[in-house]
Amino acid sequence: MTPPNTRLDTLIGEPWADYGLVDSGNGRKLERYGRFRFIRPEPQAMWAPASENWKAQGEFLPASDEDGGGRWVFAEPVPREGWPLKWNEVRFTAQTTPFRHLGFFPDMAPVWSWMREQVADMDQPECMNLFGYTGVGTLAMATAGAKMVHVDASKKSVEAARANAALSGMSDAPVRWIIDDAAKFVAREVRRNRRYDGILLDPPKYGRGPEGEVWRLEEDLPRLLADCRRLLDADSRFLFLTVYAVRMSALALQELMRQLFADLPGRVEAGELGVREEARGLTLPTAIWARWSR
């Protein structure tokens, strides 16, 4: 019996015109978002920074507890309503949020590119973005010709995603904007015998649905992933799963997905997501991932 492949890969986000990881170290990172620079906490940056002299318009100071929280401190004015950024054809708004990030996750850029590659030869593939947040991933696929279903439990996030679509000139793009609990929506899609060509799954560690539904990653991910598998078939192209801020192994995700996708052709891979630092070219890890592709 041949043992399963357990090799892990790294997907590295390279700098682009509107985003870059400038420097990192001593538990922090310095990033550029368009014309502004920000300092944010980064526990993975255990090394020394390239420079001790960081200059930024704003810094997020974390709270003392482990459950998150904190506040922004600004050295210079930053537009509270946000400012426009661009990734390839996609335009979107960045802004400082109470959750320490800036309205999108730049380390997902290599994932957006990879998904587009999987369906590049298809005419209007049907794909879904679960926990779609402000929709940059959704629009990255829509601009490549995909028909999208965008699902998020937050009305505010879906409104921001639709605003980003308008900013990108894609208000009329074939996107269904769904405000719903992701697990409940997927279960209904299974009962409707729906199918998809690709699914992006980017769940939080903890969350609540629009009707108070509680999401706990370690408890609820296996069932949701199993339902996502039922929406794919031998003609589908991919499922990509990312996991942030949780004590979980990429090898565990890989084995879970390997078992769920054992009856489909293709391969299962797993690894880490990272961002290339501009100062020295080192890779800052940000998340773990697993994916199935045909």
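First things first, this report covers the structure right here in the doc. A quick note: this is a predicted structure, and the numbers were derived from the prediction, not measured.

1. Section: the packing of aromatic side chains
Part 1: Counting across every chain of the model gives 18 aromatic pairs.
Part 2: When the ring of Tyr33 is compared with that of Phe38, the centres are 6.0 Å apart and the planes differ by 65°; the resulting orientation is edge-to-face.
Part 3: Judged by its relative accessible area of 0%, Tyr33 falls in the buried class.
Part 4: Residue classification places Phe38 among the buried residues on the basis of a relative accessible area of 0%.
Part 5: A ring pair is formed by Phe105 and Tyr133, whose centres lie 5.6 Å apart and whose planes are at 35°; its orientation type is tilted. Here Phe105 is found in the loop between β8 (90-94) and α1 (109-118), whereas its partner Tyr133 is found in the loop between β9 (126-130) and α2 (136-142), with 28 residues between them in sequence.
Part 6: Accessibility expressed as a relative area gives 28% for Phe105, which makes it partly exposed.
Part 7: Among the aromatic residues, those joined into a ring-pair cluster are Trp16, Tyr19, Tyr33, Phe36, Phe38, Phe60, Trp72, Phe74, Trp83, Phe92 and Phe104.

2. Notes on α1
Part 1: Where burial is concerned, most of α1 is hidden: eight out of the 10 residues are buried.
Part 2: Of the positions making up α1, those classed as buried are Ala109, Pro110, Val111, Trp112, Trp114, Met115, Arg116 and Gln118.

3. Topic: the side chain of Asp202
Part 1: Structurally, Asp202 is set in the loop between β12 (198-201) and β13 (206-208).
Part 2: Look at Asp202: it is buried, it has no salt bridge, and the nearest opposite charge is Arg40 at 12 Å.
Part 3: Apart from the residues lying within four places of it in its own chain, the contact partners of Asp202 are Leu130, Phe131, Thr242 and Tyr244.

4. Some points on unusual backbone geometry
Excluding glycine, most residues fall at negative phi; most peptide bonds, likewise, are trans.
Part 1: We note that Asn26 has phi near 55°; this positive angle belongs to a residue other than glycine.
Part 2: Following the sequence through the fold, Asn26 ends up in the loop between β2 (19-25) and β3 (28-33).
Part 3: You will see that Tyr133, though not glycine, has its phi angle at about 55°, which is positive.

5. Things to note about the pattern of salt bridges
Part 1: Within this structure, the stated rule accounts for 23 salt bridges.
Part 2: Between Glu31 and Arg40 there is a salt bridge, and its shortest N-O distance comes to 2.8 Å. Per residue, the accessibility class of Glu31 equals that of Arg40, and both read buried.

6. Side note on the nonpolar core
Part 1: In terms of nonpolar packing, the biggest core is built from 50 residues, with Trp83, Phe104 and Trp112 touching the most fellow members.
Part 2: Each residue touching Phe104, except ones within four places of it in the same chain, is listed here: Trp16, Tyr33, Leu85, Phe92, Ala94, Trp112, Tyr133, Thr134 and Val136.
Part 3: Listed in part, the 33 residues of the second largest apolar core include Val151, Leu224, Phe261 and Leu264.

7. Structural notes on the packing of helix α5 (residues 217-230) against helix α6 (residues 250-260)
To describe two helices that pack against each other, one gives the angle between their axes and the distance between the axes.
Part 1: Between α5 and α6, the least distance of the axes is 10 Å, while the angle of their chain directions is 40°. By the criterion of interaxial angle, the relationship of α5 to α6 is oblique. As α5 runs across α6, the sense of the crossing is right-handed. On α6, the residues touching Leu221, Pro222, Leu225, Ala226 and Arg229 of α5 are Leu253, Leu256, Met257 and Leu260.
Part 2: Here the residues of the contact of α5 with α6 are counted per class, giving eight nonpolar, no polar and one charged.

Scoring rules and cut-offs
Residues numbered from 1 in each chain as written. Predicted model: local features only at pLDDT ≥ 70, side-chain atom pairs only at ≥ 80, totals over all residues. Heavy atoms only, no water. Phe/Tyr/Trp six-rings, centres within 6.5 Å; stacked < 30°, edge-to-face > 60°. Buried < 20%, exposed > 50% of the residue type's maximum accessible area, 1.4 Å probe, protein only. Helix = DSSP H or I, 4+ residues; strand = E, 2+ residues; numbered from the N terminus. Lys, Arg positive; Asp, Glu negative; His and termini not counted. Salt bridge = Lys/Arg side-chain N within 4 Å of Asp/Glu carboxyl O. Contact = heavy atoms within 4.5 Å. Core = buried A, V, L, I, M, F, W, Y, C linked by side-chain atoms within 4.5 Å. Axes fitted to C-alpha atoms, helices over the stretch in contact; angles between N-to-C directions. Parallel < 35°, antiparallel > 145°, perpendicular 65-115°, else oblique. Left-handed = near helix turned anticlockwise from the far one by under 90°. Nonpolar A, V, L, I, M, F, W, Y, C, P; charged D, E, K, R; others polar.

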